[in-house]
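Breakdown of the fold
Residue-level listing of the chains:
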Amino acid sequence: MAESAAVARSPIAPTPPVAIENGWEVSARRSAADLRITDCTPLTKLLVLGPEGGVFGIPFGRAERDEEGVLVAGSGPGEWTLFGPPGTGEGLAGRAAAALPPDEGAVFDLTHGRAAMRITGPAAAAALARVCAVDLAGEVSPDGAAFRSSVAKVVTDVVRDDIDSQLSYLMHCDRAFGQYLFDALLDAGAEFDIEVDGFAGPGI
Amino acid sequence: MMLLPCPHCGPRNSSEFRYVGEGTARPDPGTATIGVWRDYLYTRSNPAGWTTENWFHRAGCRRYFTVERHTVSNAVRASHRPAAQARTTSDPEGLSAGTERGPDAGPG
Ligand SMILES: [Zn+2]
């Protein structure tokens with residue numbers, strides 16, 4: 001990328017040291033703590049609206065990775081959120097549009113309009129339960145569960161997306177609430193010694 | 001805390017919802033008198049008992065739905081998506097029944 005290229009910034013202030021990753025300013029801090037929080041805002045985030053019943057074969061409430069590693073979450077009735085690596089918005093939007101029936105539905109790139117973050121570690125459910133009323137027990141919210149609810153009073157989309165069988169929740173909310181939600185989750189995780197872990201591509 | 005069963009999302013804290021109001025039948029604009037319109041707009045039965053009302057799941061699926069709730073005990077005996085009929089009653093635009101999104105729904 002040329003020196004003069006624009007740098008995208010998350011609404012969440014990066015914890016030093018700061019680096020540039022795929023055109024985004026990110027924290028390059030690395031943590032191996034038991035409970036970690038990562039600002040995942042650089043991820044490509046698409047909202048797809050289409051006929052209820054499953055454009056991608058994924059119902060409301062479930063999330064799965066497609067053959068190219070894109071995380072497709074059924075985030076509402078007739079509504080899907082697609083998470084891809086940073087900088088893949090255009091190609092992903094084209095693929096999403098192609099999956100819709102002709103003249104039906106819409107695709108929106110919300111990458112710069114939403115803040116995304118992930119908390120990972122064995123205590124992730126206990127920390128999240130401090131600020132979210134939805135039952136996070138394994139049988140109610142298993143790996144691949146997707147829902148929208150109030151998290152620390154912010155309307156937040158939550159996807160349980162375990163990493164290498166480690167408990168992990170990927171969340172996104174309106175960009176303006178990003179720093180607040182991040183701070184609220186740091187606060188909720190304080191008793192579990194949560195640490196900031198910087199974003200590293202592809203990140204999904 | 002009061003739990004409301006959303007037909008899409010399951011039971012959630014009532015703070016996630018917006019109360020829309022009692023379900024009322026929209027009069028026929030061709031024949032309704034001023035008195036009938038006034039009743040439609042302002043008069044509610046407000047029972048101490050079972051009532052049928054509409055709610056909007058603001059912090060969840062962003063859909064309207066219909067609930068039968070007991071106003072004294074807050075017990076809920078039915079919760080369902082609005083019937084197609086709802087388009088001509090409390091929801092003339094059919095916002096609650098179809099794929100349209102409600103006035104409170106943001107893009108994401
Ligand atoms: Zn709902």
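What this report covers is the structure whose coordinates are included nearby. Not measured: the values here are computed from a predicted model.

Moving on: the overall build of chain A. When helices and strands are tallied, chain A shows three helices and 14 strands. The C-alpha radius of gyration of chain A comes to 16 Å, within 12% of the 17 Å expected for a compact globule of 204 residues. Overall, the C-alpha framework of chain A stretches about 50 × 50 × 30 Å when taken along its three principal axes. By residue count, 51% of the 204 residues in chain A fall in the buried class. Working note: accessible area of chain A is about 8,800 Å², and carbon and sulfur atoms make up 52% of it. Each charge class in chain A can be summarised by its mean position, and for the 15 positive and 29 negative side chains these summaries are 3 Å apart.

Turning our eyes to something else, we now look at the sheet that holds strand 5 (residues 44-49) of chain A. Residues and elements named next belong to chain A. The five strands are arranged 6-7-8-5-9 in an open sheet whose pairing can be described as antiparallel. This sheet does not close on itself; its edge strands, each paired only once, are strand 6 (63-65) and strand 9 (106-109). Mean inter-strand twist for the sheet, computed between neighbouring axes without regard to direction, equals 20 degrees. Relative to the sheet, helix 1 (residues 89-99) contacts strand 5, strand 8 (79-84) and strand 9, its axis offset from that of strand 5 by approximately 20 degrees.

What follows covers unusual backbone geometry. Put simply, A:Pro16 and A:Pro17 share a cis peptide bond, and its omega is 0 degrees. By the secondary structure assignment, A:Pro17 is in the loop between strand 1 (8-9) and strand 2 (18-21). Omega for the bond connecting A:Gly201 with A:Pro202 falls within 30 degrees of zero, at -5 degrees, which places this linkage in the cis form. Position of A:Pro202 relative to the elements: it lies in the segment after strand 14 (195-196). In this model, A:Ser165 sits at a positive phi of 55 degrees, which is unusual for a non-glycine residue. For A:Ser165, the location among the structural elements is in the loop between strand 12 (154-160) and strand 13 (168-174). For A:Ser165, a relative accessible area of 74% translates into the label exposed. Non-glycine residue B:Asn74 carries a positive phi angle of around 65 degrees. One can find B:Asn74 in the loop between strand 5 (64-70) and strand 6 (76-80).

Residue and element names in this part refer to chain A. Residue placement: Thr44 occurs in strand 5. Owing to a relative accessible area of 2%, Thr44 belongs among the buried residues under this scheme. Within polar-contact distance, the side chain of Thr44 engages the backbone oxygen of Pro85 at 2.9 Å. Filtering out sequence-adjacent residues up to four positions away, Thr44 remains in contact with Leu82, Phe83, Gly84, Pro85, Pro86, Gly87, Thr88, Gly89, Leu92 and Thr111.

Residues and elements named next belong to chain A. Met117, Ile119, Leu128, Tyr169, Met171 and Leu185 are the most contacted members of the largest nonpolar core, which totals 29 residues. For this core, the elements supplying multiple residues, two or more each, are strand 10 (114-120), helix 2 (124-128), strand 11 (146-151), strand 12, strand 13 and helix 3 (178-189). Ignoring anything within four residues of it in the chain, the contact list for Ile119 reads Arg36, Ile37, Ala124, Leu128, Leu167, Ser168, Tyr169, Met171 and Ile194. Counting residues in hydrophobic clusters, the runner-up holds 15 residues, among them Cys40, Phe83, Val159 and Phe199.

So, on to the coordination of the zinc ion. Protein-derived ligands of the zinc ion are B:Cys6 (SG), B:Cys9 (SG), B:His57 (ND1) and B:Cys61 (SG), with the metal-ligand distances lying across 2.0 to 2.4 Å. Coordination geometry of the zinc ion: the four donor atoms subtend angles of 105 to 117 degrees at the metal centre, consistent with an arrangement described as tetrahedral.

Size of an interface, as often reported, equals the accessible area lost when the parts are brought together. Contacts between the two partners involve 15 residues from chain A, matched on the other side by 14 residues from chain B. The junction of chain A with chain B conceals about 1,300 Å² of combined surface from both sides, 49% of it contributed by carbon and sulfur atoms. By the criterion of area lost to chain B, the three top residues of chain A are A:Glu52, A:Pro77 and A:Arg148, representing 38% of everything that side buries. Seen at the junction of chain A and chain B, the total is three salt bridges. The salt bridge involving B:Arg81 is made with A:Glu52; its shortest N-O contact spans 2.6 Å. There are eight residue pairs in polar contact (both at pLDDT 80 or more) connecting chain A and chain B. For the side of chain A that touches chain B, the secondary-structure elements that each account for two or more residues are strand 5 and strand 11 of chain A.

Consider a sheet: its strands pair through backbone hydrogen bonds, and that pairing is either parallel or antiparallel. Residue and element names in this part refer to chain B. Strand order in the open sheet made by the four strands is 3-4-5-6, with antiparallel pairing throughout. Each edge of the open sheet is held by one strand with a lone partner, namely strand 3 (18-22) and strand 6. If you compare each strand with its neighbour and ignore which way they point, the axes differ by 25 degrees on average. Sheet analysis places strand 4 (residues 50-56) next to strand 5, joined by seven bridges and oriented antiparallel.

Definitions and cut-offs
Residues numbered from 1 in each chain as written. Chains lettered and ligands numbered in written order. Predicted model: local features only at pLDDT ≥ 70, side-chain atom pairs only at ≥ 80, totals over all residues. Heavy atoms only, no water. Helix = DSSP H or I, 4+ residues; strand = E, 2+ residues; numbered from the N terminus. Rg over C-alpha atoms; globule rule 2.2 N^0.38 Å. Buried < 20%, exposed > 50% of the residue type's maximum accessible area, 1.4 Å probe, protein only. Areas by Shrake-Rupley, 256 points an atom, 1.4 Å probe, with all protein chains shown as cover. Lys, Arg positive; Asp, Glu negative; His and termini not counted. Charge placed at Lys NZ, Arg CZ, Asp CG, Glu CD. Pairing = 2+ DSSP bridges. Axes fitted to C-alpha atoms, helices over the stretch in contact; angles between N-to-C directions. Contact = heavy atoms within 4.5 Å. Polar contact = N/O pair within 3.5 Å; in protein donor to acceptor, adjacent residues only side chain to side chain. Core = buried A, V, L, I, M, F, W, Y, C linked by side-chain atoms within 4.5 Å. Donors = N, O, S within 2.8 Å, 3.2 Å for Na, K, Ca; no water. Tetrahedral: all angles 85-135°; square planar, octahedral: opposite > 155°, others 65-115°. Buried area = accessible area lost by both parts, 1.4 Å probe. Salt bridge = Lys/Arg side-chain N within 4 Å of Asp/Glu carboxyl O.

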